[in-house]
Every structure is written in structure tokens, then in C-alpha cells.
Amino acid sequence: MRFDPVGSLKGTLRPPPDKSISHRAALFAAMADDHTHVENYLAAADTRSTLFAIEAVGAKVTAKQTAEGRQSVEIQGVGLRGAKPAQIDVGNAGTLMRIMPGWLAGQPEGIWRLDGDDSIRRRPVDRVAEPLREMGAAISASGGQFPPLDLEGAALHGISYELPVASAQVKSCLLLAGLLAEGETTIIEPLATRDHTERLLAGMGADLRRDGNAISVTSSHPLDGVDVEVPGDFSSAAFALVATLIVPGSEVVLRDVGLNGTRIGLLPILARMGVGMGAAGEGQDLAVVVEEIHDAGPEPLGALHVRHAQLSGAEVTAEDVPAAIDELPLVALLGCFAEGETVVSGAEELKAKESDRIEAVVEGLTGLGAEIEARPDGFAVQGTGGLKGGVIDARGDHRLAMLGAVAGVASREGVEVSGFEAAAVSYPGFEADLGSLA
Ligand code: S3P
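Numbering of residues starts from 1 in every chain and runs along the sequence as written. At least 70 in pLDDT is required for a residue's local features to be given in this predicted model, at least 80 for side-chain atom pairs to be given and counted, and no such filter applies to totals for whole chains, interfaces and linings, which use all residues. The side-chain figures draw on all heavy atoms in the structure; neither hydrogens nor water molecules are used.

*Asks:* How should the overall build of the protein chain be read in this particular structure?
*Replies:* For the protein chain, the count of helices and strands is twelve helices and 24 strands. The principal-axis extent of the C-alpha atoms belonging to the protein chain is close to 60 × 45 × 40 Å. Three labels apply to residues, based on accessible area from a 1.4 Å probe with only protein chains included: buried if under 20% of the type maximum, exposed if over 50%, partly exposed otherwise in between. Out of the 438 residues in the protein chain, the part that is buried amounts to 61%. If you take every contact in the protein chain between residues at least 6 apart in sequence, the share linking residues at least 24 apart comes to 74%. When the accessible surface of the protein chain is split by element, carbon and sulfur atoms take 48% of a total near 15,700 Å². Where helices and strands are cited, they refer to DSSP runs of H or I of at least four residues and of E of at least two residues respectively, numbered from the N terminus. Residue contacts follow a heavy-atom distance rule, with two residues in contact if any of their heavy atoms lie within 4.5 Å. In short, Shrake-Rupley with a 1.4 Å probe defines the accessible areas, and a residue's cover is counted only from the protein chains shown.

Shown next, in the form of C-alpha cells:
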């Protein structure tokens, strides 16, 4: 797929529904005793895998297209301890692979195998297997580290566990196990990670408490089915946001975007890159205006009004990483268009994503003319004010495919993205949405 330079980007876009929240809504609905309605569920490869997974363990799923072209899903759960034995294909979905074992490990009986595509088989699962084993789980991974993951239901007991890496997936997995364990389970986060699990579980009646950076859960009554409305995915909106900032003359509005503070760490990074930012009415010359709507349920929602901006290089360090983890490839691209140097450090977690995103971003952008070098825990980019263009390989990674597309529309000569179809893992129709702004 080729992405040629455009004059400017103009218009309004609604990003697709949030992937993290969609996965969780479906999985937690399967754990409830009664019925859950999920409005605006993400219709993409990753979240389809989650619907298949919950059906495999016995949940009843009915998905419908609504008149507005959104997907709504009805789910009848099997209850906290009612999952049927199954072989589960997670496809490319790392979140499903790492969160679902927390539920299955505590089942009274049964065996499960979770496996996925080639990329999944290269992504570590020992980060969930080890603490689950501490809780009493019977779990084994290939070579101790990688999928397939085999589980047998067992009696679990609560633990107190300090996460060695700031990971929302590991935190979520252990909180689910905690719902089935005897006693209290406490997870301590070194840095705050996305808190969609806590928000959703609390709404479903789970006995969950936060005290500073510690989250505790006790095995409680059954989860209640709920009505969930999924907001737009900030991580998907970020591609159009960055494209607008780097293509001169652009002006774009992104509507119905989830603005959960644990997800929008790209915004303060942009502010440090010199992008004027504020709430509506706070100034005339702001390049990003954030219009927050406060009464949109457990997840804050709003709009982003974005204009082209002059960028300067900035430093991104470990504290910035969890709230911007999926946007760091875009920070590299922004760095190419900035004046001066942009350095990302403390981000070794990028190596454990759908591709090794340090190597993939550095090699990919180098091929398009960027001055970027890999570091053990990130990368350093010398801003040259633009990018020539060329060919980039998506390496089966949806965010790399979309990075290539954004680089293309902002480049001097255009970009060909090989394996662009990977974008459908989180954002089917991205090329049409981007095209609609050109
Ligand atoms: C996710 C958490 C993050 C993120 C991933 C989705 C989630 O991973 O990179 O795309 O839904 O919990 P980690 O928790 O491994 O950092």
C-alpha cells in the first residue's frame, strides 16, 4: 500500500473503539453470572479473538451492527467459576494471551491451552506465569517463557506482588486471579499503568481498593453484568493526531476519544516538544485543544482539535513510558520533524510488543531517510525537519503499518508500506480514514 504526500489534512474523524477496553469488557462479561451489553465494541482482528475465546469457554455472544455503523455485543456470562475447558487461539492479541490466564487458573477444574500466531509465540508470558504459580496455579509455558501456555484449574491463594515491569496486562491478569483466590491479593505498581480493569471491575461489583500505588482485591460475590459503552481509542486517534501536527496547513478534529489519564501520556510529551496545548477557551494559538466531556461514564471522553505545529526535540524517560507506551513509535516520527534531538529512554518494554519496536522503528524510519539510532532502552532521533520517504516493512505489527502510512503522507516522496494489512488488528479502515482527511 502506497501513501503519497498530501497538501494538508482537514476534517473530522472518530477513531475506532478502544482495543484495551473492548478486550476487557468481553472477558469480564464472560466472568459475570448474568448479561452484559457492550456498545461500540471494536470490530477488529484482535478483539474478534476475544469473542471467540469467551465463546470457547461457554459464554453466549451475539454481535450486531447498529444503525450508526457501530458494533454492539450481547454477552451471557458463565460466572466466575464456570469456564469450560478449551483450546484458545488468541491470534495476535497479547492482551488476551496475558489477561485471560488469570481467570482460567482459578477454575475448580479443567485444562486450557492458549496459543496464537508467530508474533505471539515470541512474546514473553513468564511475566504472568510466575506470579500465578506463586498463587498456586498449575501453569506451564514453552521453554518456561513463551506461548503456548498450558493451564489446569487449581485452588489459588492471594499474594502481595510488586510488578517487576510496569504492565497493565500483568496487573489485570493477577487482579482476575485475585477474584478467585482465597484471601487478599495486592498488586504494587512501580508506575501507574492503564486502569481500565479497575474501573470496569469496580462497576461490576468487585471488591477492589486502591491505596497509593497498591491495588487490592478479595474474592467476592459474583460479578454483575453491566452496560458498557466503549470510547474511541486514543492510541488509534494518535496516528491522525501526529499526522496533523507534522503536515503543514492541517487542521483536524478527533471526536469521541477516550481521555483516560493513564493513556494520554503522549499529550505532555507533545507539550514538551513545543506544541501549545490547553482546554477550550485557554488560548488562541494552541495546536492541540482538549475538550473533555466529564459525564461519559467510568471512562472520560472528549474531542481533540489539532493543528499543524512547529516541533522541538524532547527527552522521554521511564516515568513517561507506561502512559505513552503504544505511542512511542510516533514520538520517533515526531522527532524526525522536530528541531534538535529527541531521545526516548527507559522503554525496553518496546522489545516485547507485536514486533521488537526499538529495532523495527529504527530500521523502518532509517529506510525512509531518518537520522535515528537504537539504544538498549529506546532510541535517539536527530530532527531534520522532514522525511524523504521510501519503503517500510510493517513486520506484521499494526502500529508499524500505520506509522508508515503517517510517515508517507508527511514525507517528500511518499512511502510504500509492505504488509499494511496488519493495521486491521486494531484499526480496520485506517487508510480510508486517513484518505478522508487528505
Ligand atoms: C495493554 C497494555 C500495554 C499495551 C498494550 C495493551 C492492555 O501492554 O502496550 O497494547 O490492554 O493492557 P503492557 O501491559 O504489557 O505494558
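*Asks:* What am I meant to see in the nonpolar core here?
*Replies:* One recurring pattern in soluble globular proteins: nonpolar side chains tend to sit buried together. We call a set of buried Ala, Val, Leu, Ile, Met, Phe, Trp, Tyr and Cys residues a nonpolar core when their side-chain atoms join them within 4.5 Å. One finds Leu241, Leu245, Leu254, Leu328, Leu333 and Leu365 to be the most contacted residues of the largest nonpolar core, which totals 79 residues. At ten residues, the largest contribution of residues to this core is made by helix H7 (residues 234-246). Leaving out residues up to four positions away in the same chain, Leu241 has contacts with Phe234, Leu254, Leu266, Leu267, Leu270, Val288 and Val306. Counting residues in hydrophobic clusters, the runner-up holds 70 residues, among them Val61, Leu132, Val170 and Met204.

*Asks:* I'm lost on the site of the ligand in this one. Help?
*Replies:* Taken together, the residues surrounding the ligand are Ser20, Arg24, Thr95, Arg98, Ala166, Ser167, Ala168, Gln169, Arg194, Ile325, Asp326 and Lys353. In this structure, an oxygen atom belonging to the ligand sits 2.9 Å away from a main-chain N or O atom of Gln169. Relative to its unbound accessible area of 390 Å², the ligand is 95% covered by the protein chains. A cavity here means a set of points on a 1 Å grid, drawn over the protein atoms and nothing else, where a 1.4 Å probe fits but cannot get out; a pocket is an open set with protein on both sides within 12 Å along at least five of seven lines, and a residue lines either one if it has an atom within 4 Å of a point. For a cavity or pocket, the test is whether more than half of a molecule's atoms lie within 2 Å of its grid points; if they do, the molecule sits there. A majority-of-atoms criterion places the ligand in the second largest pocket. Being near a molecule or strand, for a residue, comes down to having at least one heavy atom within 4 Å of it. Counting of polar contacts relies on pairs of N or O atoms within 3.5 Å, with two restrictions inside protein: one atom must be capable of donating a hydrogen and the other of accepting it, and residues adjacent in sequence are counted only when both atoms are side-chain atoms.

*Asks:* How do you make sense of the sheet that holds strand E5 (residues 71-76) when you look at a structure like this?
*Replies:* Backbone hydrogen bonds hold the strands of a sheet together, and the pairing may be parallel or antiparallel. At least two bridges found by DSSP between two strands are what make those strands a pair. With mixed pairing, the four strands of this open sheet are ordered in space as E4-E5-E3-E14. Because the sheet does not close on itself, it has two edges, and the strands there are strand E4 (60-65) and strand E14 (227-229). Pairs of neighbouring strands in the sheet enclose a mean axial angle of 15°, with direction left out of account. In this structure, E4 lies alongside E5, joined through six bridges in antiparallel fashion. Bridging across to E5, Lys64 finds its partner in Ser72. Interaxial angles span 0 to 180 degrees and are taken between N-to-C directions of axes, which are lines fitted to C-alpha atoms, for helices over the stretch in contact. Helix H1 (residues 19-31) contacts strand E3 (35-39), E5 and E14 of the sheet and is inclined by roughly 20° relative to E5.

*Asks:* Quick question: what am I supposed to make of the layout of surface pockets here?
*Replies:* Over the atoms, a rolled probe matching the size of one water molecule traces out where space is still vacant. Grid points are joined across faces, edges and corners, and a volume is the space filled by probe spheres set on the points. Of the volumes computed, that of the largest pocket is approximately 700 Å³. Together, 37 residues line the largest pocket, and Pro17, Asn40, Arg70, Val230 and Pro231 are the ones closest to its centre. Looking at the lining of the largest pocket, the elements with two or more residues in it are helix H6 (196-203), E14 and strand E15 (251-258). With four residues, the single largest contributor to the lining of the largest pocket is H6.

*Asks:* Where do I start with the packing of aromatic side chains in this structure?
*Replies:* Two numbers describe a pair of aromatic rings. These are the distance of the centres and the angle of the planes. For Phe, Tyr and Trp, where Trp contributes only its six-membered ring, two rings pair if their centres lie within 6.5 Å, and the inter-plane angle classes them as stacked under 30 degrees, edge-to-face over 60, or tilted in between. The tally for this structure, following the rule as stated, stands at three aromatic pairs. On the numbers, 5.9 Å between centres and 70° between planes, the contact of Phe239 with Phe430 is edge-to-face. One end of the pair, Phe239, is in helix H7; the other, Phe430, is in helix H12 (residues 430-437), with 191 residues separating them in the sequence. No difference in accessibility class separates Phe239 from Phe430, as the two residues are buried.

*Asks:* Please explain the pattern of salt bridges as it appears in this structure.
*Replies:* A side chain with one charge can pair with a side chain of the opposite charge if their charged atoms come near. Here a salt bridge means any side-chain nitrogen of Lys or Arg lying within 4 Å of a carboxyl oxygen belonging to Asp or Glu. Applying the stated rule across the entire model yields 28 salt bridges. As a salt-bridge pair, Asp150 and Arg113 come within 2.9 Å of each other at their nearest N and O atoms. Of this pair, Asp150 sits in strand E9 (residues 146-152) while Arg113 is found in strand E7 (residues 111-115), placing the two residues 37 residues apart along the sequence. The partner of Glu354 in a salt bridge is Arg123, and the shortest N-O contact between them spans 3.9 Å. In this pair, Glu354 sits in the loop between strand E20 (341-344) and helix H10 (357-366) while Arg123 sits in the loop between E7 and helix H4 (126-134), placing the two residues 231 residues apart along the sequence. Here Glu354 and Arg123 have matching classes, each one buried. Sharing partners across several salt bridges, the network here consists of Arg123, Arg194, Asp326, Glu354, Arg357, Asp397 and Arg399.

*Asks:* Would you take a moment to explain unusual backbone geometry for this structure?
*Replies:* Trans peptide bonds make up most of the peptide bonds, and negative phi angles are found at most residues other than glycine. Residue Pro148 is bonded to the preceding Pro147 through a cis peptide linkage, with omega at 5°. Note that Pro148 resides in strand E9. In the Ramachandran plot, Asp256 falls in the positive-phi region, its phi being about 55° despite a non-glycine side chain. One can find Asp256 in strand E15. By relative accessible area, which is 29% here, Asp256 ends up partly exposed. Backbone geometry places Arg395, a non-glycine residue, at a positive phi of 50°. Checked against the element boundaries, Arg395 lands in the loop between strand E23 (390-393) and helix H11 (398-410).

Geometric values such as these leave the question of function open.
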